[in-house]
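Geometric and topological summary
Spelled out from the first residue to the last, the chains are:
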Amino acid sequence: MDTILIAGGAGFIGSHLCRALSDAGHRVICLDNLQTARPSNLKLLEDLPNFTFVEGDIVNALPASVTEAANLTRIYNCACAASPPQYQADPEHTMLTNVVGTNHLLRLAERTGARFLLTSTSEVYGDPEVHPQVEGYRGWVSCTGPRACYDEGKRAAEAMTFDFARLGRAQVRVARIFNTYGPHMHPDDGRVVSNLICQALTGRDITVYGDGTQTRSFCYVSDMVRGLIALMESEIDGLEPVNIGNPDEFTINELLDMVLELVPTTGKVVNAPLPQDDPRRRRPDIARAQGLLGWSPRVSLREGLPMTAEWFAEEVGAEVSVREAAE
């Protein structure tokens, strides 16, 4: 049985990835410092067959239980706080996670011969001047603003990953992840889907930043996991990043309308200033993923949002029934 290491495996996307790979018959090691992971995510994984949790931070030397794992064939680097409030809370650690942590995992891949996948981000495009965003676009990113620890950290992680590939030191894959949502998200992570749903469920004021005309594209987590696994297992040279996301584009106001259709609420919609360097438009061009991987998203926002809202309702102990609201 082969062994797969998932750094950040107790997080939102990582926990789904752990389950999918365990269900496929692999031995899975989840390495996580639990900085932003939900304890409930880990509890859902502990009973999986051939699953091992190791608490550790990839900024530090990797634990022996990871470096000495038998038959390590795949390494997924999902480790990094990913929402602005979380990654801005400790910007130094965010940068070190992306640079030092990625270096530690790449060196492990080099030593063991394991294939390495970096989960990068659409934030490498910054506030884009090109729409939709294609992988060849070099981005419009502030290197000095409050988001730079994450945006530039991921760009540096990509550079290091591709250097390892060009030097023949490791087999690599780089996924540029676009907005992803679904069960296992942290209710207080500050992302727009979790914000709107949880504020509506609890009757708090519902915050819309700016005038709500800025756009995002939302990929359901099961589609994201399929895309990451397809990229990892693809027989490509690994020298090009691949966008993974849903190309359907919605304004924040359109997303809000969908949430309010699902969740009856006493909360009032309030507008707040846009955060600094917040992108105005976000939509992936997924032609590369479709051509190289045969991958496209299957779950629409109207299908995925009710499942997400129902999960959040249970997590926050809301008395509102999302299903009745949807009907």
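All of the points below concern the structure found in this document. (Residues numbered from 1 in each chain as written. Predicted model: local features only at pLDDT ≥ 70, side-chain atom pairs only at ≥ 80, totals over all residues. Heavy atoms only, no water.)

Observations concerning unusual backbone geometry
What counts is decided by this rule: For the purposes of this entry, the term helix denotes a DSSP run of H or I that reaches at least four residues, the term strand denotes a run of E that reaches at least two, and both are numbered from the N terminus.
Note the cis peptide between H131 and P132, where omega equals -5°. Considering the arrangement of structural elements, one finds P132 in the loop between strand 5 (115-121) and helix 6 (148-166). One non-glycine residue, L34, lies in positive phi territory at about 60°. Among the secondary structure elements, L34 is positioned in the loop between strand 2 (27-32) and helix 2 (39-45).

A look at helix 7 (residues 192-202)
How we decide: Relative accessibility under 20% of the residue-type maximum defines a buried residue, over 50% an exposed one, and the middle range a partly exposed one, all with a 1.4 Å probe and only protein chains included.
Counting buried positions along helix 7 yields nine of eleven residues, so the element is predominantly enclosed. Phi for G203, located one or two positions after helix 7, is positive at around 75°.

Re the side chain of H184
Our working rule: Counted as a polar contact is a pair of N or O atoms within 3.5 Å, where, for protein atoms, one must be capable of donating a hydrogen and the other of accepting one, and residues adjacent in sequence contribute only when both atoms are in side chains.
Structurally, H184 is set in the loop between strand 7 (180-181) and helix 7. Residue H184 is classed as buried on the basis of its relative accessible area, which comes to 11%. A distance of 2.9 Å separates polar atoms of two side chains, one belonging to H184 and the other to S15. Of note is the side chain of H184, whose polar atom sits 3.4 Å from the side chain of H16.

Some words on the packing of helix 7 against helix 9 (residues 252-262)
Basically, it comes down to this: Inter-axis angles, ranging from 0 to 180 degrees, are taken between N-to-C directions of lines fitted to C-alpha atoms, where helices are fitted over the stretch in contact. Take the far helix as the reference: if the near one is turned anticlockwise from it by less than a right angle, the crossing is left-handed, and if turned clockwise, right-handed. Whether two residues are in contact is decided by their heavy atoms, any of which lying within 4.5 Å being enough. All residues other than Ala, Val, Leu, Ile, Met, Phe, Trp, Tyr, Cys, Pro, Asp, Glu, Lys and Arg, Gly among them, are scored as polar; the first ten of these are nonpolar and the last four charged.
Across the interface, helix 7 lies against helix 9 with an axial gap of 10 Å and an inter-helix angle of 35°. As for how helix 7 packs across helix 9, the hand of that crossing is right-handed. When helix 7 is examined against helix 9, the residues V192, V193, L196, I197 and A200 are found in contact with a partner set consisting of I252, L255, L256 and V259. Its residues assigned to classes, the contact of helix 7 with helix 9 comprises nine nonpolar, no polar and no charged.

Structural notes on the sheet that holds strand 2
Remark on secondary structure: sheet strands pair via backbone hydrogen bonds, oriented parallel or antiparallel. Selection rule: Two strands pair if DSSP finds at least two bridges between them.
Across the sheet, which stays open at both edges, the seven strands sit in the order 3-2-1-4-5-6-11 with parallel pairing between neighbours. One side of each edge strand has no neighbouring strand; the edge strands of this open sheet are strand 3 (51-55) and strand 11 (242-244). On average, each strand axis in the sheet is tilted by 20° relative to the strand beside it, whichever way the strands run. Where strand 2 meets strand 3, five bridges bridge the pair, whose relative direction is parallel. Each bridged residue has a counterpart across the sheet, and for I29 the counterpart in strand 3 is T52.

Purely geometric numbers; function is a separate question.
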